[in-house]
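The residues making up each chain are set out below.
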Amino acid sequence: MPLNTDFLGRVFPATEPYEVGREKIREFVRATGGTPADDLPADNLVAPPTFAVLLTMNAEFRVMFDPGLGLDADRLLHRDQRFEHHRPIVPGDVLTVTVRVAGVDDIGGNDVLTLSSEVATVDAEPVCTGTSVIVCPRAES
Amino acid sequence: MSAVAVGQALPELRHRITRLDLVRYAAAAGDFNRIHWSDRAAAAAGLPDVIAHGMLTLAVAMRAVTDWAGGHGGVLECAGRFARPVVVPDDDHGAELVVRAVVAEVLPGGRVRVDLTVTCQGQKVLTRSRALVALSSQEE
């Protein structure tokens, strides 16, 4: 069954605020192969370029798993990811994510969902824009 | 850093991923999709074995850029396509990622575009990967 194109352009409510912790950044750096030298100068600790996925992915799950959309949750694949940083993410940032459905397409028999996630501070300062493309091969009917 | 020129290769980065690394990344990124740690879930999804998180591959790729640029803060944009799954067997060797990056464009304002490719066992697993990096802060 094709995706519900009524979702195109829909904007989901902002997520609950998430406070970025210093130790969370360090944990992320180590988990992605960074060495302590990368992350130990505490006074200028900056999150790595893909850290924002910690916020955007869970926000996007709310859209992907919305029963009205019709995405097959068991077979979806994350195809593309892009982050555009308006400024670095640093400890103490309190951030929310607002997800917009930027594309609902049928490409070569695959359902293709494009989501645009705006990461901003609770004071509405833009921090990062994430774009995720999710692909799901459609079952033969 | 001396002058940066188009075509300049960044130092190659090799990074080995084992099952333990997948568990560590799952916790760090809050991504608990079962295909990244359960043989049963991977098989049910039609995969040959447990696979790495695409975002772990992209994070490792970007480390080649941030190691070269001297910090995380200079990366203005990063992107990639997860072209092929990185299969991580349950052994002591896991899977080795090889990240190759090259300066593709030198832009005004001390910025450069870096194009990246990540391979695993000789096959491209991350394609269309690029980073826009501001180098100006460290050149002062």
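What you see is a predicted model, and the numbers here were worked out from it, not measured in a lab.

Rules and cut-offs
- Residues numbered from 1 in each chain as written.
- Chains lettered and ligands numbered in written order.
- Predicted model: local features only at pLDDT ≥ 70, side-chain atom pairs only at ≥ 80, totals over all residues.
- Heavy atoms only, no water.
- Contact = heavy atoms within 4.5 Å.
- Buried area = accessible area lost by both parts, 1.4 Å probe.
- Salt bridge = Lys/Arg side-chain N within 4 Å of Asp/Glu carboxyl O.
- Polar contact = N/O pair within 3.5 Å; in protein donor to acceptor, adjacent residues only side chain to side chain.
- Helix = DSSP H or I, 4+ residues; strand = E, 2+ residues; numbered from the N terminus.
- Nonpolar A, V, L, I, M, F, W, Y, C, P; charged D, E, K, R; others polar.
- Core = buried A, V, L, I, M, F, W, Y, C linked by side-chain atoms within 4.5 Å.
- Buried < 20%, exposed > 50% of the residue type's maximum accessible area, 1.4 Å probe, protein only.

Moving on, we come to the interface of chain B and chain A. In this assembly, 27 residues from chain B lie in contact with 28 residues from chain A. Between chain B and chain A lies a buried interface of about 2400 Å² when both sides are counted; carbon and sulfur atoms form 59% of it. Summed over the shared surface of chain B and chain A, the result is 2 salt bridges. Here Glu-77 of chain B makes a salt bridge to Arg-82 of chain A, at a shortest N to O gap of 3.1 Å. Where chain B meets chain A, there are 11 residue pairs in polar contact (both at pLDDT 80 or more). For the side of chain B that touches chain A, the secondary-structure elements that each account for two or more residues are helix H1 (19-29), helix H3 (54-69) and strand E2 (75-82) of chain B. At 9 residues, the largest contribution of residues to the side of chain B that touches chain A is made by H3 of chain B. For the side of chain B that touches chain A, the residue count by class is 15 nonpolar, 6 polar and 6 charged.

Once that is clear, we can look at the nonpolar core. Counting residues in hydrophobic clusters, the biggest one holds 80 residues, and the most contacted among them are Leu-71 and Leu-113 of chain A together with Val-65, Trp-68, Val-114 and Leu-116 of chain B. Looking at this core element by element, the count peaks at 10 residues for H3 of chain B.

So yeah, pure geometry; function would need other evidence.
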